[in-house]
Amino acid sequence: GDSVTQMEGPVTLSEEAFLTINCTYTATGYPSLFWYVQYPGEGLQLLLKATKADDKGSNKGFEATYRKETTSFHLEKGSVQVSDSAVYFCALRGSGGSARQLTFGSGTQLTVLP
Amino acid sequence: EADIYQTPRYLVIGTGKKITLECSQTMGHDKMYWYQQDPGMELHLIHYSYGVNSTEKGDLSSESTVSRIRTEHFPLTLESARPSHTSQYLCASSDPGGNFEQYFGPGTRLTVT
């Protein structure tokens, strides 16, 4: 079945550092890929998405590129802020029978220190 | 901004009590979901619904039950709460369009003593 593997956390960075959170997936066909963010005490919010190979999703300075050849969708930000401290989830929507649900990774806790 | 609501936000109850966690959305979405989020943050799908009178169990076995009598309402019930039910419960609904974005409520943090 479909699966998502995320970089183990927690990740701690200083403000203005470069961020990469790795995400790889296993799925048949052509899945859609998502990054969700969960701030403390809140539900998940969609951060960005990409629906086909080589698409780049971007939002709030975050970017991720859908790489079919490496089955990856790594999240990057050039300069993190304290307000980016949150849990980040990579997710995919498969095709065919698995298209009815999202499959989530295990989440990566990010803490940004001033 | 998503219009999906959960009540209560926090609940502490004793073992054996019956509880219902409420979830409502005003977006007219047909698809709704319940996730259980463990302390390690991982999400587990426990129930979903594709419309009125349609409910299915998710990947993680759960002793809870759900109902979907109205499109906007998807409550989750525990007939007899136990300490093992202590967790965060997240409700979501999804866009009927092709992009399948899920909108999440703020969650209910349940503690069973």
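Residues numbered from 1 in each chain as written. Chains lettered and ligands numbered in written order. Predicted model: local features only at pLDDT ≥ 70, side-chain atom pairs only at ≥ 80, totals over all residues. Heavy atoms only, no water.

**Brief notes about the interface of chain A and chain B**
- At the junction of the two partners, chain A supplies 20 residues and chain B supplies 22 residues.
- Where chain A abuts chain B, roughly 1,700 Å² becomes buried across the two surfaces, and 56% of that area is made up of carbon and sulfur atoms.
- Those elements that provide at least two residues to the side of chain A that touches chain B are strand E5 (32-38), strand E6 (44-50), strand E10 (86-93) and strand E11 (102-104) of chain A. (Contact = heavy atoms within 4.5 Å. Buried area = accessible area lost by both parts, 1.4 Å probe. Helix = DSSP H or I, 4+ residues; strand = E, 2+ residues; numbered from the N terminus.)

**Some words on the state of the cysteines**
All names here are of chain A.
- One pass over the structure, following the stated rule, counts 2 disulfides over all chains.
- A sulfur-sulfur distance of 2.0 Å marks the disulfide that ties Cys23 to Cys90. Between Cys23 and Cys90, the S-S dihedral sits near -70°, and the bridge is therefore left-handed. Within this pair, whereas Cys23 is found in strand E4 (residues 23-26), its partner Cys90 is found in strand E10, the two being separated by 67 residues in sequence. (Disulfide = S-S within 2.5 Å.)

**Here's the deal with the side chain of Ser62 of chain B**
Residue and element names in this part refer to chain B.
- Relative to the helices and strands, Ser62 is located in the loop between strand E6 (54-57) and strand E7 (65-66).
- Overall, the relative accessible area of 17% leaves Ser62 in the buried class.
- Setting aside residues no more than four positions away along its own chain, Ser62 makes contact with Ile46, His47 and Lys57. (Buried < 20%, exposed > 50% of the residue type's maximum accessible area, 1.4 Å probe, protein only.)

**Here's the deal with the pairing of strand E3 (residues 19-25) of chain B**
All names here are of chain B.
- Because side chains alternate across E3, one face comprises the buried residues Ile19, Leu21, Cys23 and Gln25, and the other comprises Thr20, Glu22 and Ser24, none of which is buried.
- Where strand E1 (residues 4-7) and E3 come together, 4 bridges link them in antiparallel fashion. Looking at the pairing, Tyr5 lines up with Ser24 of E3.
- In the sheet, E3 pairs with strand E8 (residues 76-78) via 3 bridges, with the strands oriented antiparallel. In the strand pairing of E8, Ile19 is matched with Leu78. (Pairing = 2+ DSSP bridges.)

**Quick notes on the packing of aromatic side chains**
- With the rule as written, the count across this model stands at 11 aromatic pairs over all chains.
- Geometrically, the ring pair formed by Phe104 of chain A and Phe104 of chain B is edge-to-face, given 6.1 Å between the ring centres and 75° between the ring planes. Taken together, the residues Phe104 of chain A in strand E11 and Phe104 of chain B in strand E10 (residues 102-104) connect one chain to another. Residues Phe104 of chain A and Phe104 of chain B agree in their burial class; the two are buried.
- Across the ring face of Phe74 of chain B, the terminal group of Arg68 of chain B is positioned such that the distance to the ring centre comes to 5.8 Å. (Phe/Tyr/Trp six-rings, centres within 6.5 Å; stacked < 30°, edge-to-face > 60°. Lys NZ or Arg CZ within 6 Å of the ring centre and 35° of its normal.)

**Focus on the confidence of the model for chain B**
- For chain B, per-residue confidence averages 91 on the pLDDT scale, and residues scoring 70 or more make up 96% of the total.
- No element of chain B has a lower mean pLDDT than E10 of chain B, at 91, and none a higher one than E3 of chain B, at 97. (pLDDT = per-residue confidence, 0-100.)

**Regarding unusual backbone geometry**
- Geometrically, the link from Gly9 of chain A to Pro10 of chain A is a cis peptide bond, its omega value of -10° lying close to zero.
- With respect to the helices, strands and loops of the structure, Pro10 of chain A is situated in the loop between strand E1 (3-6) and strand E2 (11-14).
- Following Thr7 of chain B, the chain continues into Pro8 of chain B via a peptide bond in cis, with omega recorded as -10°.
- Phi is positive for Thr71 of chain A, which is not a glycine, with a value near 45°.
- Its location among the elements puts Thr71 of chain A in the loop between strand E8 (62-65) and strand E9 (75-77).
- Looking at Thr71 of chain A, the relative accessible area reads 31%, which means it is partly exposed.

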